[in-house]
Amino acid sequence: MNRILIIIPAFNEEGNIARTVLEVFKIKNEISNTRIDVLVINDASRDNTYMEAKSTGAMVIDLPFNLGIGGAVQTGFKFALDKNYNIAVQVDGDGQHDPNFVPELIKPIIEGNCDMSIGSRFLVADKVGFQSTFMRRLGIRIFQQVNSWIIGQRITDNTSGFRAYSQKVISHCALDYPSDYPEPETVIELGLRGYHIVEIPVVMRQRLAGKSSISSMASLYYMVKVLLAIFINLFKKR
């Protein structure tokens, strides 16, 4: 039986986190020969995220300090490694990821066809689902070109946080995972090490409540910072 851990990092997701977890619970019986557990990583939220998550019956790790998305997700990887899960799935706590796509994400890993699968919003018809801001779309396009060139494989949605990971990748990321904005860097890290990555078409949704912490100016800063990190790490490896 496959043991699957759904990792949901959450920072100030009051109004979103309970609905997200309950949506994940609905798919638990739709995948045969699997045990699915849900782990919320509360990244020192300043609102009611922790209590909302606990109220669902999910497992919750309450971090005493804010580690950022990288530290929160790596906490999930460490838990998955320690408890011997053979697949981990990352789902954002804001409701933008539709858990109904989880079976499609894990399928190629269960079949042994990849080490990581990424839910890509760009493999479906144009303008289907939620569309991010212009600056974020520009950054996504730049990462698409840069990362695809570096690893020799076209990845359309490098910033997607909707991902599934094999046991080998869980072991790797539990020990070595980027801290600030890990998704594009992880594509490079795993691609250069020979891990096989595939993309699965998914439809993104508008967040259920609140607003993103990444503004247009923050998106520009994020893009420049991650590009610098990518090239620095690339030169180090060479």
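What counts and what doesn't
- Residues numbered from 1 in each chain as written.
- Predicted model: local features only at pLDDT ≥ 70, side-chain atom pairs only at ≥ 80, totals over all residues.
- Heavy atoms only, no water.
- Helix = DSSP H or I, 4+ residues; strand = E, 2+ residues; numbered from the N terminus.
- Contact = heavy atoms within 4.5 Å.
- Phe/Tyr/Trp six-rings, centres within 6.5 Å; stacked < 30°, edge-to-face > 60°.
- Buried < 20%, exposed > 50% of the residue type's maximum accessible area, 1.4 Å probe, protein only.
- Core = buried A, V, L, I, M, F, W, Y, C linked by side-chain atoms within 4.5 Å.
- Salt bridge = Lys/Arg side-chain N within 4 Å of Asp/Glu carboxyl O.
- Pairing = 2+ DSSP bridges.

Draft legend 1. Layout of the environment of Thr-75. Structurally, Thr-75 is set in helix H3 (residues 68–82). Separated by twelve residues in sequence, Thr-75 and Leu-63 place their C-alpha atoms 9.2 Å apart. Ignoring anything within four residues of it in the chain, the contact list for Thr-75 reads Ile-41, Ile-61, Leu-63 and Leu-67.

Draft legend 2. Molecular detail of the packing of aromatic side chains. Applying the stated criterion across every chain, the model contains three aromatic pairs. Centroid distance Phe-77 to Tyr-177: 5.2 Å. Interplanar angle 70 degrees. Geometry classified as edge-to-face. Placement of Phe-77 in helix H3 and of Tyr-177 in the loop between helix H6 (167–175) and helix H7 (182–192) is noted, with a sequence separation of 100 residues between them. Assigned by exposure class, Phe-77 and Tyr-177 land together as buried. A ring pair is formed by Phe-79 and Tyr-85, whose centres lie 6.4 Å apart and whose planes are at 25 degrees; its orientation type is stacked. Taken as a pair, Phe-79 and Tyr-85 share a single burial class, namely buried. Among the aromatic residues, ring-to-ring pairing joins Phe-77, Tyr-165 and Tyr-177 into one connected group.

Draft legend 3. Examining the nonpolar core more closely. Grouped together as the largest cluster of nonpolar side chains are 30 residues, with contacts concentrated most on Leu-5, Phe-77, Met-116, Tyr-165, Val-187 and Ile-197. Setting aside its immediate chain neighbours within four residues, Leu-5 contacts Asp-37, Leu-39, Met-59, Gly-76, Phe-79, Ala-80, Tyr-85, Ile-87, Ala-88 and Val-89. Membership of the second largest hydrophobic core comes to 27 residues, among which are Ile-8, Ala-58, Val-60 and Val-202.

Draft legend 4. Summary view of the pattern of salt bridges. The final tally for this structure, using the stated rule, is seven salt bridges. With a closest N to O distance of 3.0 Å, Asp-37 and Arg-35 form a salt bridge. Looking at Asp-37, the relative accessible area reads 13%, which means it is buried. With a relative accessible area of 41%, Arg-35 lands in the partly exposed category. A salt bridge links Glu-189 to Arg-193; the nearest nitrogen and oxygen atoms lie 2.9 Å apart. When its relative accessible area of 11% is taken as the criterion, Glu-189 is described as buried. Because the salt bridges share partners, they merge into one network encompassing Glu-23, Asp-98 and Arg-205.

Draft legend 5. Spotlight on H6. Of the positions making up H6, those classed as buried are Val-169, Ile-170, His-172, Cys-173 and Ala-174. Lining the buried residues of H6 we find H3, strand E4 (87–90), strand E6 (163–166) and H7.

Draft legend 6. Expanded view of unusual backbone geometry. Phi is positive for Asn-33, close to 55 degrees, though the residue is something other than glycine. If you trace the backbone, Asn-33 turns up in the loop between helix H1 (17–26) and strand E2 (34–42). Phi is positive for Ala-44, close to 55 degrees, though the residue is something other than glycine. Looking at the element boundaries, Ala-44 is found in the loop between E2 and helix H2 (49–55). The class of Ala-44 is partly exposed, set by a relative accessible area of 22%.

Draft legend 7. Fine view of the environment of Ser-171. Among the secondary structure elements, Ser-171 is positioned in helix H6. Separated by 87 residues in the primary sequence, Ser-171 and Asn-84 have C-alpha atoms spaced 9.7 Å apart.

Draft legend 8. Broad picture of the pairing of strand E5 (residues 116–120). For E5, a buried count of five out of five residues is recorded, marking the element as mostly surrounded by other parts of the structure. In E5, alternate side chains face the same way, and those of Met-116, Ile-118 and Ser-120 on one face and Ser-117 and Gly-119 on the other are all buried. Taken together, the three bridges between E5 and E6 define a ladder with antiparallel strand orientation. Paired with Met-116 across the bridge in E6 is Tyr-165. Bridge analysis of E5 against strand E7 (residues 197–201) gives five bridges, and the strand direction is parallel. When the bridges of E7 are listed, Ile-118 appears paired with Glu-199.

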